[in-house]
Amino acid sequence: MSDKQRDTKLVTAGRRKEWTHGIVNPPVYRASTCLFDSYAEMRERVKDPSARHLFYGRKGTPTQWALEDAITELENGEGTMLFPSGVAAVNAAILACVKTGDHILITDSAYDPTRSFANGFLKKMGITTEYYDPTIGANIESLIKDNTAMILVESPGSLTFEVQDLPAISAVAKRHNILIVSDSTWGTPLYFPALELGADISVHACTKYIGGHSDIMLGSATANHRMFKRLRQTAYSLGQTVSADDAALGLRGLRTLGVRLKQHEENALLIAKWLQDHPLIHEVRHPALETSPGHDIWSRDFTGSTGLFSIILKYGDYPDTAHLVDEMKYFKMGFSWGGYESLILPSDPESARSASKWSSPGPLLRLHIGLEDTDDLMKDLEAGLQRYSDAVKP
Ligand SMILES: *Cc1c(COP(=O)(O)O)cnc(C)c1O
């Protein structure tokens, strides 16, 4: 898809006159019970609960359907299910692929709650998880067993930013009839065509860039033809549903995703390149920088970069980062990202790794570059780094 086609799709995708009644956005349909006028109508509407008939609030209304269809179109998938959080979407996507007795492979760079789900819930269900080095590529073949059912990729990892070779992993998976779930949150549907690169289900924490304003929790999972029915059945079985209010906010965020991302991208690249030359910085992990692991794969497979990346300091330890972060003016500390505001978060990858070793001379801090003026942001970072080097001796 060219940039122009993408921008047009962002504006028009999921808009249907029978849902919007001629206004721009679908109304917020708050619903549980839907009323039927006759026995015959009730029978007709419940016949196929997956058809877009108003039937019961849990199965959605035009507000949720408009967002589902918009994401499906951008992802080029068969269909999308919405979830009350990104975590719920990742976990339902995994559950759609596995059964008791299966073996699954998860990237060592995966989002921490994905690991917790595998190590706790899935283990209890009799599913064994093996973690793999995110840079493994086609060598993932050596980890495949007779009962391997699914591979989870997260590219890039949202803390350490290794870009994964999804096409190579997918080629192996296809040969062994294994499913691929991609946590595609960093790249968004605009910059990372996960389904086209070989994933069967592409998940987004819409809480991040799609919502874009730090005011909703929302997740989506979009599947290809092979997996959509299983995904939908899994979501229905788990009773997953999203409020019409949150779906409307998600849709509103989606419409401006293109312009917001361009600005996040530009601001982040400028600051990442500037930080690269800073005397206190050991390494900048940003997929669009040549020194970042998997940069060549990023250039091949992604159509852009977003506002989230990490820096690794040359010396010191995690408690020392208080000198840096405590008095920041614009970079506030907080979980999540993808809103319009800048964030900073010291976060140690070491405890959340088992297949690949993490070592760094100093602490890692994850930055989300927001839409503020970049001069203000750089001054804020410069002052923070100065406080750090004044207080911490190598
Ligand atoms: C934030 C995030 C999630 C979880 O999304 P929530 O909406 O916070 O549950 C999943 N994967 C990645 C990569 C994320 O950054």
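Further up the page is the structure itself.
Residues numbered from 1 in each chain as written. Predicted model: local features only at pLDDT ≥ 70, side-chain atom pairs only at ≥ 80, totals over all residues. Heavy atoms only, no water.

Participant: Would you mind going over the side chain of Glu-162 with me for this structure?
Facilitator: Locating Glu-162 in the fold gives a position in the loop between strand E4 (148-154) and helix H7 (166-175). Relative accessible area serves as the criterion here: at 5%, Glu-162 is assigned to the buried category. Within the structure, Glu-162 has its side chain in polar contact with the side chain of Thr-160 (distance 2.7 Å). What Glu-162 contacts, discounting residues up to four positions off in sequence, is Ser-109, Pro-134, Thr-135, Glu-154, Ser-155, Pro-156, Gly-157, Arg-285, Pro-293 and Arg-353. (Helix = DSSP H or I, 4+ residues; strand = E, 2+ residues; numbered from the N terminus. Buried < 20%, exposed > 50% of the residue type's maximum accessible area, 1.4 Å probe, protein only. Polar contact = N/O pair within 3.5 Å; in protein donor to acceptor, adjacent residues only side chain to side chain. Contact = heavy atoms within 4.5 Å.)

Participant: Would you take a moment to explain the environment of Asp-3 for this structure?
Facilitator: On the secondary structure map, Asp-3 appears in helix H1 (residues 3-12). C-alpha separation for the pair Asp-3 and Leu-190, spaced 187 residues apart in sequence, amounts to 8.7 Å.

Participant: Got a minute to help me understand the nonpolar core in this structure?
Facilitator: Grouped burial of nonpolar side chains is what soluble globular proteins tend to show. Judged by nonpolar contacts, the single largest core of 53 residues is most densely connected at Tyr-132, Ile-151 and Leu-254. Those elements that provide at least two residues to this core are helix H4 (62-75), E4, H7, helix H8 (188-191), helix H10 (244-255), helix H11 (257-276) and helix H12 (295-301). Among the elements that take part in this core, H4 stands out by supplying six residues, more than any other. The two domains that each donate at least three residues to this core are domain 1 (3-255) and domain 2 (257-391). Tyr-132 has contacts with Leu-105, Ile-106, Thr-107, Asp-108, Ile-140, Leu-143, Ile-151, Leu-152, Val-153, Gln-164, Ile-169 and Ala-355, leaving out every residue within four places of it along the chain. Ranked by size, the runner-up nonpolar core spans 32 residues in total, among them Ala-88, Ala-93, Ile-201 and Ala-235. (Core = buried A, V, L, I, M, F, W, Y, C linked by side-chain atoms within 4.5 Å. Domains from an automatic or database assignment.)

Participant: I'm lost on the layout of surface pockets in this one. Help?
Facilitator: Rolled over the atoms, a probe with the dimensions of a water molecule shows which regions are left empty. Roughly 390 Å³ of volume is contained in the largest pocket. Around the largest pocket sit 22 residues that line it, and Tyr-111, Asp-112, Leu-159, Ser-347 and Arg-366 are the ones nearest its centre. In the lining of the largest pocket, the residues fall into nine nonpolar, six polar and seven charged. Both domains that furnish three or more residues to the lining of the largest pocket are identified here as domain 1 (3-255) and domain 2 (257-391). Only H4, strand E1 (79-83) and helix H9 (228-237) provide two or more residues apiece to the lining of the second largest pocket. If you tally residues by element for the lining of the second largest pocket, the top one is H4, at five residues. Along the lines of polarity and charge, the residues of the lining of the second largest pocket split into eight nonpolar, eight polar and seven charged. (1 Å grid on protein atoms, 1.4 Å probe; cavity = no way out; pocket = protein on both sides within 12 Å on 5 of 7 lines; lining within 4 Å. Points joined across faces, edges and corners; volume = space filled by probe spheres on them. Nonpolar A, V, L, I, M, F, W, Y, C, P; charged D, E, K, R; others polar.)

Participant: Would you explain the site of the ligand in this entry?
Facilitator: What surrounds the ligand is a group of 13 residues, the closest being Gly-86, Val-87, Asp-183, Thr-207 and Lys-208. Contact distances for the ligand include 2.8 Å between an oxygen atom and a backbone N or O atom of Gly-86. Within the side chain of Lys-208, an N or O atom sits 2.6 Å from an oxygen atom of the ligand. Burial of the ligand by the protein amounts to 94% of the accessible area it has alone, namely 380 Å². Its residues assigned to classes, the shell around the ligand comprises five nonpolar, five polar and three charged. (Near = heavy atom within 4 Å. Areas by Shrake-Rupley, 256 points an atom, 1.4 Å probe, with all protein chains shown as cover.)

Participant: What is the right way to read the pattern of salt bridges from this model?
Facilitator: Oppositely charged side chains can pair when the atoms bearing their charge come close. Enumeration over the complete set of coordinates arrives at 18 salt bridges. Arg-175 serves as the salt-bridge partner of Glu-141, at 2.7 Å between the closest nitrogen and oxygen. Residue Glu-141 is located in the loop between strand E3 (128-132) and E4, and its partner Arg-175 is located in helix H7; the two are separated by 34 residues in the primary sequence. Residue Arg-300 pairs with Asp-301 through a salt bridge whose shortest N-O separation is 2.8 Å. Taking the relative accessible area as the measure of exposure, Arg-300 reaches 49% and is therefore partly exposed. A network of salt bridges, in which partner residues are shared, links Arg-16, Glu-18, Arg-52, Glu-68 and Asp-69. (Salt bridge = Lys/Arg side-chain N within 4 Å of Asp/Glu carboxyl O.)

Participant: Looking at this model, I keep getting lost on the side chain of Asp-165. Mind explaining?
Facilitator: Its place among the elements puts Asp-165 in the loop between E4 and H7. A polar contact is formed between the side chain of Asp-165 and the backbone nitrogen of Ala-168, at a distance of 3.2 Å. Every residue in contact with Asp-165, bar those within four places of it in the chain, is listed here: Gly-137, Ile-297 and Arg-300.

Participant: Mind showing me how you'd approach the sheet that holds strand E10 (residues 332-333) here?
Facilitator: Sheets are built from strands that pair by backbone hydrogen bonding, the pairs being arranged parallel or antiparallel. Taking strand neighbours across the sheet as the criterion, the five strands line up as E8-E9-E12-E11-E10 in an open arrangement whose pairing is mixed. What marks the edges here is a single partner per strand, and that holds for strand E8 (281-285) and E10. As defined by bridge partners, strand E9 (residues 308-313) adjoins strand E12 (residues 364-368) across five bridges and the pair is classed as antiparallel. By the bridge assignment for E12, Ser-310 is matched with Arg-366. Set on the sheet, H11 makes contact with E8, E9 and E12; between it and E9 the angle comes to about 10 degrees. (Pairing = 2+ DSSP bridges. Axes fitted to C-alpha atoms, helices over the stretch in contact; angles between N-to-C directions.)

Participant: In this structure, what is going on with the packing of helix H5 (residues 86-97) against H9? I would like to understand it.
Facilitator: Packed helix pairs are characterised by how far apart their axes lie and by the angle those axes make with each other. Following both chains from N to C, one finds H5 and H9 inclined at 120 degrees, their axes separated by 9 Å at the closest point. For the element pair H5 / H9, the angle class is oblique. Crossing geometry of H5 relative to H9 is assigned as right-handed. Residues Ala-92, Ala-93, Leu-95, Ala-96 and Cys-97 of H5 lie in contact with H9, whose contacting residues are Arg-230, Leu-231 and Thr-234. (Parallel < 35°, antiparallel > 145°, perpendicular 65-115°, else oblique. Left-handed = near helix turned anticlockwise from the far one by under 90°.)

Participant: Quick question: what am I supposed to make of the environment of Pro-346 here?
Facilitator: Residue position: Pro-346 is located in strand E11 (residues 343-346). Placed 13 residues apart in sequence, Pro-346 and Met-333 show a C-alpha to C-alpha distance of 8.5 Å. Apart from the residues lying within four places of it in its own chain, the contact partners of Pro-346 are Tyr-318, Thr-321, Val-325, Met-333, Leu-364 and Leu-365.

Participant: It is not clear to me how the packing of H4 against H10 should be interpreted in this structure. Could you clarify?
Facilitator: It is at 8 Å that the axes of H4 and H10 come closest, and there the two elements cross at 35 degrees. In this structure, H4 crosses over H10, and the sense of that crossing is left-handed. When H4 is examined against H10, the residues Thr-63, Gln-64, Ala-66, Leu-67, Ala-70 and Leu-74 are found in contact with a partner set consisting of Ala-244, Ala-247, Ala-248, Gly-250, Leu-251, Leu-254 and Arg-255. Among the residues forming the contact of H4 with H10, the class breakdown is nine nonpolar, three polar and one charged.

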